[in-house]
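# Coordinates in review
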Amino acid sequence: MMRFNTKLIHGGRRHTFRELGTIVEPIFTSAVYVYHHDIDRETPHVLPYKYSREDNPTVAHLEEKVRELDSAATCLAFSSGIASIRCLIDSLVELWGKITLVVPLDLYGSTLVLFRKYAQRGLIELITVSPGTDSIVEELKYLNSSSIVVFFEEISNPILRVYDIEEISRTLRDKNVERSLIIVDNTIPTQIGIRPIEHGADIVVYSASKYLSGHNDVIGGLTSLSEKVREIESQLWHSRRLHGCIMSPFTAYLIDRGLKTLHLRMQKHEENARAIAEFLNDHPKISEVIYPGLSTHPDFKISVKILNNASGIVSFRLKEEPDLSRMFKKLKIIIPGVSFGGPETIVTHPLTTTHRYLEENERKIVGIDNKLFRLSIGLEDVNDIIEDLDNMLREV
Ligand SMILES: Cc1ncc(COP(=O)(O)O)c(C=O)c1O
């Protein structure tokens, strides 16, 4: 039995390990494989491979590694994080008919927009609640539906609430509904922070474009299913096949390569983030610092209970209204941008970028305003990041 950090390096399917002695899984570029007519092709992952829109060896190697890392029954890789979420909801609707989807409002903006589109088409009933475990639990207690799906980000975007999967799971099980599911978007903590299936989640999704690949050079998504929901796999696989959104083998290679250093990177991201959070906490221009590793965080107790790593995102709120272009012009290292999880520190202004499609009342509930900033703390020397931030804040 390999331990977790060893699995990051040695896990996976490894197609040519014995035959060629390769120690790195190759990028299999073949789109087409010899067709074996005597094999039933209606189930996922049937070997030998047939066509790379359905399955591919490099992708299968990564899927197997992530399955192991998530303590899952199976895993499928997609062309993006949003494609993983889309195919998953499609599959649930296909299998169960109209589902009731309960989500807190503190989600990545496009995820919420996607859910709203499903609701507008009458495919799902969408119930949005205020951020925080208590709001979900309260909603679930009184909710009347035979197919309940709860979706949340384990550390949420951009206000970094931490969700108590165990409590949500307990509440949902106690209801004894015909069909119920917990889907956790684990993009920010990664498996280093928490392995949600071990805490009661049924499905875990990732934007692998962030920490898992880790170098700001990849777009990809991954979905892990627990044993309890394994029957969804076939539908999910067909959905991926028909949307044509399997991950490319080049992407799978880069994510596999990134995973080999995930533990080291997350450790450093967290160390740097903690130092930045403490620096910002004492800064006279800032009214609020949000970081799950700070004892002032509203979910600090949950964070201590279930997270092994508080990740590398720090959000903060200015006291005064910002002049964005003046502030960002001062930056020499930190990059104004919209993503996170790479070695470069990135500053995001959610109101005008990632969360601009939220309605005004929703932004109010979540706390997204003109003064809120999100930092993806990179792997640079922390003193350089602090100096750069300090220069930027002088312009406020
Ligand atoms: C938490 C979270 N989930 C999902 C996504 C979507 O992933 P992708 O951009 O890879 O499609 C993002 C993107 O920023 C995200 O931040």
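Residues numbered from 1 in each chain as written. Predicted model: local features only at pLDDT ≥ 70, side-chain atom pairs only at ≥ 80, totals over all residues.

### What about the sheet that holds strand 4 (residues 147-153)?
Strand order in the open sheet formed by 7 strands is 1-7-6-5-4-2-3, with mixed pairing between adjacent strands. Across the chains shown, the open sheet's two edge strands, defined by having one partner strand only, are strand 1 (74-78) and strand 3 (124-129). On average, each strand axis in the sheet is inclined to that of its neighbour by 20°, with strand direction left out of account. As paired strands, strand 2 (residues 99-104) and strand 3 are joined by 6 bridges and run parallel to one another. Its bridge partner being in strand 3, I99 is matched across the sheet by I124. Lying over the sheet, helix 3 (residues 57-69) contacts strand 1 and strand 7 (221-225), oriented at roughly 130° with respect to strand 1. Across the sheet, helix 9 (residues 232-243) is in contact with strand 1 and strand 7; its angle to strand 1 comes to roughly 15°. (Pairing = 2+ DSSP bridges. Helix = DSSP H or I, 4+ residues; strand = E, 2+ residues; numbered from the N terminus. Axes fitted to C-alpha atoms, helices over the stretch in contact; angles between N-to-C directions. Contact = placed C-beta atoms within 7 Å.)

### Brief notes about the site of the ligand
Neighbouring the ligand are 13 residues; S80, G81, I82, S207 and S209 lie closest to it. The class makeup of the residues in the shell around the ligand is 3 nonpolar, 8 polar and 2 charged. (Near = placed C-beta within 6 Å. Nonpolar A, V, L, I, M, F, W, Y, C, P; charged D, E, K, R; others polar.)

### Focus on the nonpolar core
By size, the foremost hydrophobic cluster in this structure holds 106 residues, and its most contacted members are V150 and V314. Element by element, the count of residues in this core is highest for helix 4 (residues 81-96), at 8 residues. Built from parts of two domains, this core gets at least three residues from each of domain 1 (4-259) and domain 2 (262-394). Leave out the neighbours within four places in its chain, and V314 touches A273, I276, A277, L280, V289, Y291, L375 and I377. (Core = buried A, V, L, I, M, F, W, Y, C linked by C-beta atoms within 7 Å. Buried ≥ 20, exposed ≤ 12 C-beta atoms within 10 Å, placed from the backbone. Domains from an automatic or database assignment.)

### Remarks on the domain arrangement of the protein
Partitioning the protein into structural domains gives domain 1 (4-259) and domain 2 (262-394). Distance from the C-alpha centre of domain 1 to the C-alpha centre of domain 2: 26 Å. Taken together, the contacts link 35 residues of domain 1 with 36 residues of domain 2. At the level of secondary structure, the elements contributing two or more residues to the side of domain 1 that touches domain 2 comprise helix 1 (4-10), helix 5 (109-120), helix 8 (190-193) and helix 10 (249-259). Taken together, the residues of the side of domain 1 that touches domain 2 sort by class into 19 nonpolar, 12 polar and 4 charged.

### With respect to helix 4
For helix 4, with 16 residues, the first-to-last C-alpha span of 23 Å sits near the 22 Å given by 1.5 Å per residue. Counting buried residues in helix 4 gives 12 out of 16 residues, a clear majority hidden from the surface. Residues of helix 4 that are buried include every one of G81, I82, A83, S84, I85, R86, C87, L88, I89, S91, L92 and V93, and no others. Positive phi appears at G97, one or two residues downstream of helix 4, with a value of about 80°. (Expected span 1.5 Å × (residues − 1).)

### Here we look at the packing of helix 6 (residues 133-142) against helix 7 (residues 165-175)
Running from N to C, helix 6 and helix 7 point in directions that differ by 0°, and their axes come no closer than 10 Å. The orientation of helix 6 with respect to helix 7, classified from their angle, is roughly parallel. Contacts from T133, I136, V137, L140 and K141 of helix 6 reach helix 7 at E167, I168, T171, L172 and K175. (Parallel < 35°, antiparallel > 145°, perpendicular 65-115°, else oblique.)

### A closer look at unusual backbone geometry
Among all residues except glycine, the phi angle is most often negative; among peptide bonds, the trans geometry is most common. For the peptide bond that leads from N157 to P158, omega is 5°, which places it in the cis range. For P158, the location among the structural elements is in the loop between strand 4 and helix 7. The phi torsion at S71 lies on the positive side, around 50°, for a residue other than glycine. Classification of S71 as partly exposed rests on a count of 16 C-beta atoms within 10 Å. Positive phi is not limited to glycine here, since S311 has a value of about 70°. For S311, the location among the structural elements is in the loop between helix 12 (300-306) and strand 9 (313-318).

### Here we look at the environment of K371
Tracing the chain through its elements places K371 in the loop between helix 14 (360-366) and strand 12 (372-376). Take K371: there are 19 C-beta atoms within 10 Å of it, and that puts it in the partly exposed class. In sequence terms K371 and I82 are 289 residues apart; their C-alpha atoms lie 27 Å from each other. Sequence-distant contacts of K371, defined by excluding residues within four places in its chain, comprise R317, L318, E321 and P322.

### Remarks on the packing of helix 3 against helix 10
Each pair of packed helices gets described by two things: the angle between the helix axes and the distance between those axes. Closest axis-to-axis distance for the helix 3/helix 10 pair is 8 Å, and the angle between their directions is 35°. Of the two elements, helix 3 crosses helix 10, and the hand of that crossing is left-handed. Across the interface between the two elements, T58, V59, H61, L62 and K65 from helix 3 touch P249, A252, Y253, I255, D256 and L259 from helix 10. (Left-handed = near helix turned anticlockwise from the far one by under 90°.)

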